[in-house]
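Below are the chains, spelled out letter by letter.
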Amino acid sequence: SAPVEAETSTSEAEAESTPGTKPVVMPIDDVELLLEQAHSRDSVLELSLFFAAGLSDQAAVFMLPRGNAVGRFLHGEETLQAVFRAFSIPIDSDTIFVKIRDSLVPYSGPIPSTKADRIFFALFDPPPQQVYFFPVRIRGRNIATLYCHQYHEDLPAEIYEQFMRCVHLAAHALERVV
């Protein structure tokens, strides 16, 4: 296969693909090599998103600036991406994002039932059965979370471990570029 430049935007790749199709599964070893070459926060997060989208039914990246959870990247159609980028929820409210911000471990389970969380999950029809939030932690603080969900089944253990490795690699890349 042809080499991929680390600064290539996954948004460009998504624009060339058919809406609703799943991206190609990128081996985690390839992700590691690309993350080592990444030169910006966005390229690190987009590579993580592209990896997650290939292994799950849906993937997204949230930024966790102080006080809010903000939609940054979402794999999907342009209109859904635009709505997602407008998503911002105060972290001081009753929401899953409070747990994500304060946690050292990922969240996996059913959709949280708080009003604030239901606003986000209303983006997806049908609603997912199983959701995953993988915190990206640098310098002692969760700055982002890699999100994915499955509609009908749990992520297999080996895929879950690859997600864990991806967020670990992304954190190291972010420490280098920010």
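Owing to the predicted nature of the structure, the values given are computational and were not obtained by experimental measurement.

Right, let's get into the overall build of the protein. Regarding its fold elements, the protein presents seven helices and six strands. Listed N to C, the secondary structure of the protein is α-α-α-β-β-α-β-α-β-α-β-β-α in terms of helices and strands. Considering the protein as a whole, with its 178 residues, one finds that 48% of them fall into the buried category. For the protein, the proportion of contacts with a sequence separation of at least 24, taken over those separated by at least 6, is 58%. A total of about 9,200 Å² of accessible surface is found on the protein, and carbon and sulfur atoms cover 54% of it.

One pass over the full model with this rule turns up 22 aromatic pairs. Consider the rings of Phe87 and Phe97, whose centres lie 6.3 Å apart with planes at 50°: the pair is tilted. Taken together, the positions of Phe87 in the loop between helix H4 (78-85) and strand S3 (88-90) and Phe97 in helix H5 (residues 96-102) put the pair 10 residues apart, joining distant regions of the chain. Just as Phe87 is buried, Phe97 falls in that class too. The structure contains a cluster of three or more aromatic residues connected by ring pairs, namely Phe62, Phe84, Phe87, Phe97, Tyr107, Phe120, Phe121, Phe124, Phe133 and Tyr147.

In this model, the protein carries an average pLDDT of 85, and 88% of its residues clear a pLDDT of 70 or more. Across residues 1-19 the pLDDT falls below 50, and counting only partners more than four positions away or on other chains, this stretch makes 19 contacts in the model.

Packing of helix H2 (residues 28-37) against helix H3 (residues 41-55) leaves a shortest axis separation of 10 Å and a crossing angle of 170°. When the axes of H2 and H3 are compared, the pair comes out roughly antiparallel. Packed against H2, whose contacting residues are Ile28, Val31, Leu34 and Leu35, the element H3 presents Val44, Leu47 and Phe51 at the interface. Here the contact of H2 with H3 is composed, by residue class, of seven nonpolar, no polar and no charged.

What follows is about the pattern of salt bridges. Applying the stated criterion across every chain yields a total of five salt bridges. In this structure, Glu32 and Arg165 form a salt bridge, with 2.5 Å as the shortest nitrogen-oxygen distance. You can see Glu32 sitting in helix H2 and its partner Arg165 sitting in helix H7 (residues 157-177), a full 133 residues away along the chain. With a relative accessible area of 23%, Glu32 lands in the partly exposed category. Shared partners join several salt bridges into a network, and the residues in it are Asp29, Glu32 and Arg165.

The next subject is H2. Because each turn of an α-helix spans 3.6 residues, side chains separated by three or four positions end up pointing in the same direction. Along H2, the positions that sit buried rather than exposed are Ile28, Val31, Leu34 and Leu35. Buried positions in H2, seen along its axis, are confined to an arc of 115° and lie on one side of it. Check the buried side of H2 and you find it contacts H3 and H7.

We now examine the side chain of Gln130. With respect to the element layout, Gln130 can be found in strand S5 (residues 130-138). With sequence-adjacent residues up to four places away left out, Gln130 is seen in contact with Ser108, Gly109, Pro110, Cys148, His149, Gln150, Glu153 and Asp154.

What counts and how
Residues numbered from 1 in each chain as written. Predicted model: local features only at pLDDT ≥ 70, side-chain atom pairs only at ≥ 80, totals over all residues. Heavy atoms only, no water. Helix = DSSP H or I, 4+ residues; strand = E, 2+ residues; numbered from the N terminus. Buried < 20%, exposed > 50% of the residue type's maximum accessible area, 1.4 Å probe, protein only. Contact = heavy atoms within 4.5 Å. Areas by Shrake-Rupley, 256 points an atom, 1.4 Å probe, with all protein chains shown as cover. Phe/Tyr/Trp six-rings, centres within 6.5 Å; stacked < 30°, edge-to-face > 60°. pLDDT = per-residue confidence, 0-100. Axes fitted to C-alpha atoms, helices over the stretch in contact; angles between N-to-C directions. Parallel < 35°, antiparallel > 145°, perpendicular 65-115°, else oblique. Nonpolar A, V, L, I, M, F, W, Y, C, P; charged D, E, K, R; others polar. Salt bridge = Lys/Arg side-chain N within 4 Å of Asp/Glu carboxyl O. Arc of directions from axis to C-beta.

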